[in-house]
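Observations on the three-dimensional arrangement
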Amino acid sequence: MFDKQALVIGNDDYGAGNKLQSCVYDAKTMTRSLHSIGFNVEPQINLRNDEMSLISRQFAQSIRPGAIVVFYFSGHAGEFNGKNYLHGVDSTGDNLPDVQDLLREMHQNRPRVVICILDGCRNRMESLYQALGLDGRSRLRNGLVPMGGPPSTIIAFSSAAGKNSEAGHFGENSIYTKYLLRYIRAANTDIDIVLKNAAVDVQRATTNRQIPYLYTNCNEHIYLNVIPSRNNKAWSDSMQFDPSIHQNQYMTQSIWPHTGNFSYPHYERAGMINNQYPVYENTWYNTMMYPYTYTYLQMFL
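Residues numbered from 1 in each chain as written. Predicted model: local features only at pLDDT ≥ 70, side-chain atom pairs only at ≥ 80, totals over all residues. Heavy atoms only, no water.

Going by the annotation in an unreviewed UniProt entry, the name recorded for the protein is Caspase family p20 domain-containing protein, with Adineta steineri given as the source organism.

Shown next as structure tokens:
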């Protein structure tokens, strides 16, 4: 079996009216869930920019070849000049972690896959202007920009590019993490299905106000929780890792092209807008239309 490693970060203690209430709780509940399915989890809360950069770099160096890696962040994040930045709890200073740089560092030791889950983009962060040395006329966006990564990368946004995501109250999860936690421990289930099931529930729960997005160039089945059985497809897939393929993974070009600075109103022209799932009040009709959603919910309720 392969190593399963995770770095989980939750930041709440932002100053200047930007304080959040649910991100530390998100991190703690995500840590427990991943640990329960065999992940070696490193949880971190309320980190400064320099601490996030240092800890992320140390985590990247600890990744073992062939490992399944999860990087989870809950807190404030923003985009500037085509790059996505995570924001630490300090309102001033530099060294904001660049997500694209973090992904490249995490791939240096040739993991099997890096799954990056970003539950951020809470509201406009004026302190990001200070941290980046910008004035109010600069083009700093609160949401994230579409992004790719090295081969074998899965990136999940809690909301569409350029949009905010809903945080929770004290002692509650954010709307995205709440539904993700319902599926992430599902046995013998491809991570692609896990993330899509959570996204559908978020869309329906928010009446399409929040639409999670998934960007991936991982072309194999990835199972976070495998129940061993020789007759089980997940078990057989998990035993088919070929290190020689991953050793040369950088010879393969990512299927995600450079997105540049798209203007947010024109995303739909690039095919980046999800289907708008209808929301119906009739429970029986919902069950017939989305049976898999109700089946999975019954597993964890």
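Moving on from the model shown.
Moving on: the pattern of salt bridges. Scanning the model with the defined rule gives nine salt bridges in all. A salt bridge links Arg48 to Glu51; its shortest N-O distance comes to 3.1 Å. For Arg48, a relative accessible area of 36% translates into the label partly exposed. Of the residues examined, Glu51 reaches a relative accessible area of 25% and is grouped as partly exposed. A salt bridge links Arg104 to Asp101; the nearest nitrogen and oxygen atoms lie 2.1 Å apart. Of the two residues, Arg104 and Asp101 both sit in helix H3 (residues 99-106), three residues apart, roughly one turn of that helix. (Salt bridge = Lys/Arg side-chain N within 4 Å of Asp/Glu carboxyl O. Buried < 20%, exposed > 50% of the residue type's maximum accessible area, 1.4 Å probe, protein only. Helix = DSSP H or I, 4+ residues; strand = E, 2+ residues; numbered from the N terminus.)

In this section: the environment of Ile117. Structurally, Ile117 can be placed in strand S6 (residues 113-119). Judged by its relative accessible area of 1%, Ile117 is buried. As a C-alpha pair, Ile117 and Val70 span 47 residues in sequence and 7.6 Å in three-dimensional space. Setting aside residues up to four positions removed in sequence, Ile117 forms contacts with Val70, Phe71, Tyr72, Phe73, Ala156, Tyr176 and Leu180. (Contact = heavy atoms within 4.5 Å.)

Its location among the elements puts Tyr176 in helix H5 (residues 175-183). Exposure remark for Tyr176: the relative accessible area of 1% places this residue in the buried category. Along the sequence, Tyr176 and Gly120 sit 56 residues apart, while their C-alpha atoms lie 9.9 Å from each other. Setting aside anything within four residues of it in sequence, one finds Tyr176 in contact with Ile117, Asp119, Ala156, Phe157, Ser158, Leu195, Val202, Gln210 and Pro212.

Two packed helices can be described by the angle between their axes and the distance between those axes. Running from amino to carboxyl end, helix H2 (residues 49-62) crosses H3 at an angle of 25°, the nearest separation of the two axes being 8 Å. Taken together, the axis directions place H2 and H3 in an arrangement best described as roughly parallel. Here Ser56, Arg57, Phe59 and Ala60 of H2 come into contact with H3, specifically with Leu102, Glu105 and Met106. Grouping the constituent residues of the contact of H2 with H3 by class yields four nonpolar, one polar and two charged. (Axes fitted to C-alpha atoms, helices over the stretch in contact; angles between N-to-C directions. Parallel < 35°, antiparallel > 145°, perpendicular 65-115°, else oblique. Nonpolar A, V, L, I, M, F, W, Y, C, P; charged D, E, K, R; others polar.)

The next point concerns unusual backbone geometry. For Arg110, which is not a glycine, the phi torsion comes out positive at approximately 60°. Along the chain, the position of Arg110 falls in the loop between H3 and S6. By relative accessible area, Arg110 is classed as partly exposed at 32%. Its identity is not glycine, yet Asn188 carries a phi of approximately 55°, on the positive side.

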